[in-house]
Amino acid sequence: MEILVFLVPLALALGFAGLLGFLWSLKSGQYDDLDGAAWRAIADDEPVSGQGGSK
């Protein structure tokens, strides 16, 4: 039970650090354009060549 003296404040500190990181990411605009990143991930960057071989 004595270990709880260390674990509870550690868990609270880590949770607070995670909350601060999340709030920082909101403030810096990480979640402004969610659809754009998804479309860029699946968009074709190069046209498909008709040779059928690898480069």
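Figured I'd write up the structure that's included with this text. Source: prediction; values computed, not measured.

Here's the deal with the overall build of the protein chain
Okay, so step 1: The helix and strand inventory of the protein chain stands at two helices and zero strands.
Okay, so step 2: Taken over 55 residues, the protein chain has a buried fraction of 4%.
Okay, so step 3: Of the roughly 5400 Å² of accessible surface on the protein chain, a fraction of 65% belongs to carbon and sulfur atoms.

A look at the side chain of S25
Okay, so step 1: On the secondary structure map, S25 appears in helix α1 (residues 4-27).
Okay, so step 2: Excluding residues within four positions of it along the chain, S25 makes contact with Q30 and Y31.

Quick look at the packing of aromatic side chains
Okay, so step 1: With the rule as written, the count across this model stands at one aromatic pair.
Okay, so step 2: Their ring planes at 50 degrees and their centres at 6.0 Å tell us that F22 and Y31 sit as a pair that is tilted.
Okay, so step 3: Taking relative accessible area as the criterion, F22 reaches 41% and is therefore assigned partly exposed.
Okay, so step 4: Taking the relative accessible area as the measure of exposure, Y31 reaches 41% and is therefore partly exposed.

A look at α1
Okay, so step 1: Taking 1.5 Å of rise per residue, 24 residues should cover 34 Å, and α1 covers 34 Å from first to last C-alpha, within 8% of that figure.
Okay, so step 2: Of the residues trailing α1, G29 is marked for its positive phi of about 85 degrees.

Parameters at a glance
- Residues numbered from 1 in each chain as written.
- Predicted model: local features only at pLDDT ≥ 70, side-chain atom pairs only at ≥ 80, totals over all residues.
- Heavy atoms only, no water.
- Helix = DSSP H or I, 4+ residues; strand = E, 2+ residues; numbered from the N terminus.
- Buried < 20%, exposed > 50% of the residue type's maximum accessible area, 1.4 Å probe, protein only.
- Areas by Shrake-Rupley, 256 points an atom, 1.4 Å probe, with all protein chains shown as cover.
- Contact = heavy atoms within 4.5 Å.
- Phe/Tyr/Trp six-rings, centres within 6.5 Å; stacked < 30°, edge-to-face > 60°.
- Expected span 1.5 Å × (residues − 1).

Read these as layout, nothing more, since geometry by itself doesn't imply function.
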